[in-house]
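Descriptive structure summary
Here's the letter readout for the chains.
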Amino acid sequence: MRYIVYIIPALLLLLSCGREEKKNPKETVEEVTPQHIEFGFNFNDYSYVRDTVKKGDTFGAILDRFKVDGKALYQILDKAGDSVKVTHLRVGNPYVALCAKDSTKTLQKFIYQTDLINYFVVDLTDSIHVYNKKRPVTIKRRVVASDINSSLSQSINDLGVDYLLAHELSLIYAWSVDFFKIKKGDGFGAIINERYINDSIYAGVESIEASFFNYGGQCIYAFPFVQDSTKMVKSYYDENADALKSLFLKAPLKYSRISSRFSPKRFHPVQKKWKAHLGTDYAAPRGTPILATASGTVIKAGYNGGNGRYVKIKHNETYSTQYLHMSKILVKRGQYVRQGEVIGKVGSSGLATGPHVCYRFWKNGRQVDPLKQKIQKSTPLEAKYKERYFAYIKPIKQELDSIAKIKLKKNGT
C-alpha cells in the first residue's frame, strides 16, 4: 500500500508532462522575405544602386561607372533610336541600377525616371532591350473649392492640389478674370481628375471637368466642350453656351501686379514732372514673358529713348496695342502673332525705374484705358450643338452649384 502512494503521484506527473509536450509541440517557422517590387522588378533579386543625375553627368558617363563598355553603349543607343530619349537626362532626376548579386556586380537593368509616371528601361540581362514604360496610374475625381485670401496659387497649394491647376485656371479665365484685381473674398471651385501612382503617390491634375470663379460677386462658369468630334478642339463655354474667350486677354502677363494705372495726369517717377500716363504698368521680375493680348500683325518692333525696347501690334481696323520697356524683343516687324504668344521679356529699358511692362491700348486711333473697355466675346456655341451641350453640363453644373451658392452667400452677394 505504501508503494502505491508513491507510484500514483509519479504516474500523474509523467502523464501531465506528456500532455504538456503534446499541447505545445516545437515547430520550425521558415522566415519569408517580403517582395520588394518596383517598376515591375523584384529588387530582392539584385544588388541595386539609387542615385540622381548630377550636373555634368551624361548617359554614357553614368553607364561607365557600372563598367558598361563602349560597344554595349553603342548598341544601347542604336536600340533606343528616336523613340527612347536615353541621352535626354535632366539634373536631379532619379535612376536605379539593378546589378547582379554576385561578386561581378554586372549591370543588368538601368531605370531612369523622366517624371513621376514615365521612365525608360535599359535591359542588359541577355540581349540588349531598351523601352519606355509608365507606372500604373489611377484617376480619382475630386471637387475642390476655396476663397482666395492671398493669391490663387497659394489657395490651390493650401488645398494640397498640384500648383499647375493655378496655371490652367488662369488660361481658362484669361479673358474674363483680371488676376491683378482679385480681392479678398473672391473664390473658385473645380471638379478635377487627379493622377495617383499605385493608388497612393499623388502625381498631379489630369484634367478639369468644370469650374467656376466667383469674381467681384459674379459667378463665372467654365465647361470644356468639343463641338466637332473629328477635329477634337476643346473650347470653354459658360452656362448659357457663350464662349469665355474674347478678342483680348485681360492682361499681357500671367501673374504680376498693376504698379501704375492709366491716368490723364501722373507724376513721372523719372522725369519728375506731372504728365499723362496713357498706359497701364504691370510690375514683374525681369525676364517674365510678355504675351500678345490679341492676334495681329507686328507693325513696330525696336528701340525708342523713352519707351525703350517695344513692340506695337495692329489687331484690326479698330484696335492696336503696344508693349514698352522690354529687356528682349522676340518678334519682328511684319510678323503675325497669335493671342497669348510670347512677344518679348519684361525689362526696364528706356525711362523706367524698375522691371515692368507698360501696356498701351488704342481704339480707333485714340489711346484708352484697357481696363475700362467692354471687349466683344468670341462666337457662341453653334445652335446645332446646344442641345447636346446643355444635356452634358446639366449634372455637372448641379454639382458645382451647391458649392458656388455657398461661396456667394458667404461673401454676402
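To keep things clear, this report deals only with the structure shown in the data block. (Residues numbered from 1 in each chain as written. Predicted model: local features only at pLDDT ≥ 70, side-chain atom pairs only at ≥ 80, totals over all residues. Heavy atoms only, no water.)

So, about the sheet that holds strand E3 (residues 47-52). In any sheet, the strands associate via hydrogen bonds between backbone groups, in a parallel or an antiparallel arrangement. The sheet built from 5 strands is open, its strands ordered E3-E4-E5-E6-E7 with antiparallel pairing. Each end of this open sheet is capped by a strand with a single partner; those strands are E3 and strand E7 (129-134). On average, each strand axis in the sheet is tilted by 15 degrees relative to the strand beside it, whichever way the strands run. Here strand E5 (residues 107-113) runs beside strand E6 (residues 118-123); their pairing, made up of 5 bridges, is antiparallel. (Pairing = 2+ DSSP bridges. Helix = DSSP H or I, 4+ residues; strand = E, 2+ residues; numbered from the N terminus. Axes fitted to C-alpha atoms, helices over the stretch in contact; angles between N-to-C directions.)

A few words on the packing of aromatic side chains. Throughout the structure, instances matching the rule amount to 21 aromatic pairs. A ring pair is formed by Phe 59 and Phe 110, whose centres lie 5.9 Å apart and whose planes are at 70 degrees; its orientation type is edge-to-face. Here Phe 110 lies in strand E5 and Phe 59 lies in helix H2 (residues 59-65), a separation of 51 residues in the sequence. Summarising the burial analysis for this pair, Phe 59 and Phe 110 share the class buried. Seen from their ring centres, Tyr 359 and Phe 361 are 6.3 Å apart, and the 70 degrees between their planes marks the pair as edge-to-face. Taking the relative accessible area as the measure of exposure, Tyr 359 reaches 1% and is therefore buried. An aromatic cluster is built from Phe 59, Tyr 95, Phe 110, Tyr 112 and Phe 120, whose rings are joined through pairwise contacts. One cation-aromatic arrangement involves Lys 140 over Tyr 196; the distance from NZ or CZ to the ring centre is 4.6 Å. Its guanidinium or amino end placed over the ring of Trp 362, Lys 312 lies 3.8 Å from that ring's centre, counting from NZ or CZ. (Phe/Tyr/Trp six-rings, centres within 6.5 Å; stacked < 30°, edge-to-face > 60°. Buried < 20%, exposed > 50% of the residue type's maximum accessible area, 1.4 Å probe, protein only. Lys NZ or Arg CZ within 6 Å of the ring centre and 35° of its normal.)

This paragraph deals with helix H5 (residues 164-172). Of all the residues in H5, the buried ones are Leu 165, Ala 166, Leu 169, Ser 170 and Ile 172. An end-on view of H5 places all buried positions within 160 degrees of arc, on one side of the element. The inward-facing, buried residues of H5 contact strand E8 (137-147), helix H4 (152-158), strand E9 (187-197), strand E10 (201-215), strand E11 (218-226) and strand E12 (234-237). (Arc of directions from axis to C-beta. Contact = heavy atoms within 4.5 Å.)

In this section: the environment of Leu 400. Relative to the helices and strands, Leu 400 is located in helix H6 (residues 383-410). Each C-alpha atom of the pair Leu 400 and Ile 191 lies 7.8 Å from the other, and the pair is 209 residues apart in sequence. Not counting residues up to four positions away in its chain, the partners in contact with Leu 400 are Gly 189, Ala 190, Ile 191, Ala 210, Ser 211, Phe 212, Tyr 221 and Phe 223.

This next bit is on the sheet that holds E8. In spatial order, the strands read E8-E9-E10-E11-E12; together these 5 strands make up an open sheet with antiparallel pairing. What marks the edges here is a single partner per strand, and that holds for E8 and E12. In this sheet, neighbouring strand axes are inclined to one another by 30 degrees on average, regardless of whether the strands run parallel or antiparallel. Of the pairings in the sheet, the one linking E8 to E9 comprises 11 bridges and is antiparallel in character. From the neighbouring strand, Ala 145 faces E9, where its bridge partner is Gly 189. Set on the sheet, H5 makes contact with E8, E9, E10, E11 and E12; between it and E10 the angle comes to about 35 degrees.

Counting buried residues along strand E23 (residues 356-363), 7 of its 8 residues qualify, which places the element largely inside the surrounding structure. Here strand E16 (residues 280-283) pairs with E23 via 4 bridges, running antiparallel. The residue of E23 that forms the bridge with Ala 283 is His 356. Two strands pair when backbone bridges link them, and strand E20 (residues 319-329) and E23 are joined in this way by 6 bridges, in the antiparallel orientation. Residue Tyr 319 lies in a different strand from E23, and its bridge partner there is Lys 363. Relative to strand E24 (residues 366-368), E23 runs antiparallel, the two sharing 3 bridges.

With respect to the helices and strands, Asn 42 occurs in strand E2 (residues 41-42). A relative accessible area of 15% means that Asn 42 is categorised as buried. A distance of 3.3 Å separates a polar side-chain atom of Asn 42 from the backbone nitrogen of His 36. Asn 42 has contacts with Gln 35, His 36 and Ile 37, leaving out every residue within four places of it along the chain. (Polar contact = N/O pair within 3.5 Å; in protein donor to acceptor, adjacent residues only side chain to side chain.)

In this section: the side chain of Ser 327. Its place among the elements puts Ser 327 in strand E20. Here Val 346 takes part through its backbone oxygen, which lies 3.0 Å from a polar atom of the side chain of Ser 327. When near neighbours in sequence (up to four residues on either side) are disregarded, Ser 327 contacts Arg 286, Gly 287, Arg 309, Lys 345, Val 346 and Gly 347.

Applying the stated rule across the entire model yields 11 salt bridges. Among the salt bridges present, the one from Arg 65 reaches Asp 57, with a minimum N-O distance of 2.5 Å. Its relative accessible area of 48% is what places Arg 65 among the partly exposed residues. You can call Asp 57 buried: its relative accessible area is 17%. The shortest N-O distance in the salt bridge between Lys 384 and Glu 382 comes to 4.0 Å. The exposure class of Glu 382 is partly exposed, given its relative accessible area of 42%. Within this structure, Arg 141, Glu 209 and Glu 399 form a network of salt bridges that share partners. (Salt bridge = Lys/Arg side-chain N within 4 Å of Asp/Glu carboxyl O.)

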